[in-house]
Amino acid sequence: MSEDQSSEDRTEEPTEKRRREAREKGQLPRSRELNTLAVLLAGAGGLLLYGAALGDSLLRLMRGSFQLSRETVMNSDSMLQLFATGGWLAAEGLWPILALLLVAALVGPIALGGWLFSSEALAPKFSRLNPLAGLKRMFSAKSLLELFKALVKFVVVLLVALLVLQSDKDDLLAMAHEPMEQAIVHSAKVVGWSALWLAASLLIIAAVDVPYQLWDNRKKLMMTKQEIRDEYKDSEGKPEVKAKVRQMQREMAQRRMMQAVPTADVVITNPTHFAVALKYDAEAGGAPKLLAKGNDFIALKIREVANEHKVMVLESPALARAVYYSTELDQEIPAGLYLAVAQVLAYVYQLKQFRAGKGKRPEPLAEPPIPEDLRRDE
């Protein structure tokens, strides 16, 4: 489908396959405003928690760097040691705050959409080098929205910054009259609270941007009815192919049935519309099993195979229909048909004994009794 297709046509929820493919391409909801908010909050919290320790490290760094003895100044080999000591003091004061910033920089992006490493998203795309496509992106609705968000963010942060400066005016002026040690600790506290309020000002923008990013990502994944049909065809196979497979499966099942008919004890017919082949294994126990069943043309083939292999074929319309509708292939007949099938098998056994000259001719088989819940009329 065309990318420019109107959104009105995309009325269907994305399928699981569509969501999975989008995730593989790196198409997840992301909010830069949420990332910025997380980093700013972490930095402000770090200053409030570790600002005193950072100020102490800075004081020791300045004392060690500016209060030098004459021997140290004249010794060129001491410069490397002073540099290493200064670096260690700076790292000692900064590492807790930097660690918090690192955690926020990692957690912020995955807070919305989750963790994802997509090699496809990292692969170079030469289409991005197209100047026309770049101009189109610059003047797109999304770019205008980002510009509007940037302006709103600038105004909100500016207003909050002015309010913070106004409220901290007395503290800032008081620092000029404080001792160095106290002024540094005081300044870390003021900067920390100021940064916290500035970060809090972005809560409004993030609270609007996060739902928008979720909505925008869902909108991009929405599908048309035709796309869902095409996806179903691709995943499940084309209807004509599936029909051909089902036909082949039916033919294979029919061949297996026909191969089992010669081993049956009796074939019961309707006499023309239905035919079922039953077998009873006295040694295995259990109830008689259905070896084959069919109607119309299949029923005719079952009768032909039975006649070719001299399998007894009996007419019992009600019993044939009951077995056909109640029993699956290679399954035992239901308990409600035990009596009826037993009468048929007994008649078949007596008839075989008579034909072998070992008994008298049995009485003609009457219609066996069929329970009402298993009886099926034509």
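Residues numbered from 1 in each chain as written. Predicted model: local features only at pLDDT ≥ 70, side-chain atom pairs only at ≥ 80, totals over all residues. Heavy atoms only, no water.

Let's talk about the overall build of the protein chain
Where we set the bar: Numbering of helices and strands runs from the N terminus, with a helix taken as a DSSP run of H or I at least four residues long and a strand as a DSSP run of E at least two residues long. A 1.4 Å probe rolled over the protein chains alone gives each residue an accessible area, and that area as a share of the maximum for its type sets the label: buried under 20%, exposed over 50%, partly exposed in between. The contact definition used throughout considers only heavy atoms, calling two residues in contact when any of these lie within 4.5 Å.
The helix and strand inventory of the protein chain stands at 14 helices and 4 strands. The burial tally for the protein chain puts 30% of its 378 residues in the buried class. Within the protein chain, contacts between residues at least 6 apart in sequence are counted, and of these 76% link residues at least 24 apart.

Focus on the nonpolar core
Stated formally: The term nonpolar core refers to a set of buried residues drawn from Ala, Val, Leu, Ile, Met, Phe, Trp, Tyr and Cys, joined through side-chain atoms within 4.5 Å.
With 26 residues, the main nonpolar core has V266, I268, L278, L319, L337 and I370 as its most contacted residues. A per-element tally of this core places helix α14 (residues 338-355) first, with 7 residues. Excluding residues that lie within four positions of it along the chain, I268 makes contacts with F274, A275, V276, L278, L314, S316, L319, A320 and V344.

Some thoughts on the pairing of strand β4 (residues 312-315)
Here is the rule we go by: Two strands are said to pair when DSSP picks up at least two bridges between them.
Only one face of β4 is buried, namely the one carrying M312 and L314, since none of V313 and E315 on the opposite face is buried. As paired elements, strand β1 (residues 266-269) and β4 share 4 bridges and run parallel to each other. By the bridge assignment, V266 is partnered in β4 with M312.

Details of the UniProt feature "transmembrane region" (unreviewed entry) in the protein chain
In plain terms, the rule: UniProt positions are given in the numbering used here, feature names are shortened, and annotations may be inferred rather than shown by experiment.
Feature annotation in UniProt assigns "transmembrane region" (unreviewed entry) to the following positions: residues 37-61, 97-123, 144-165 and 195-215. Between the first and last C-alpha atoms of residues 37-61 the distance is 31 Å; the span itself is 100% helix and 0% strand. Secondary structure content for residues 195-215 is 100% helix and 0% strand, and the end C-alpha separation is 30 Å.

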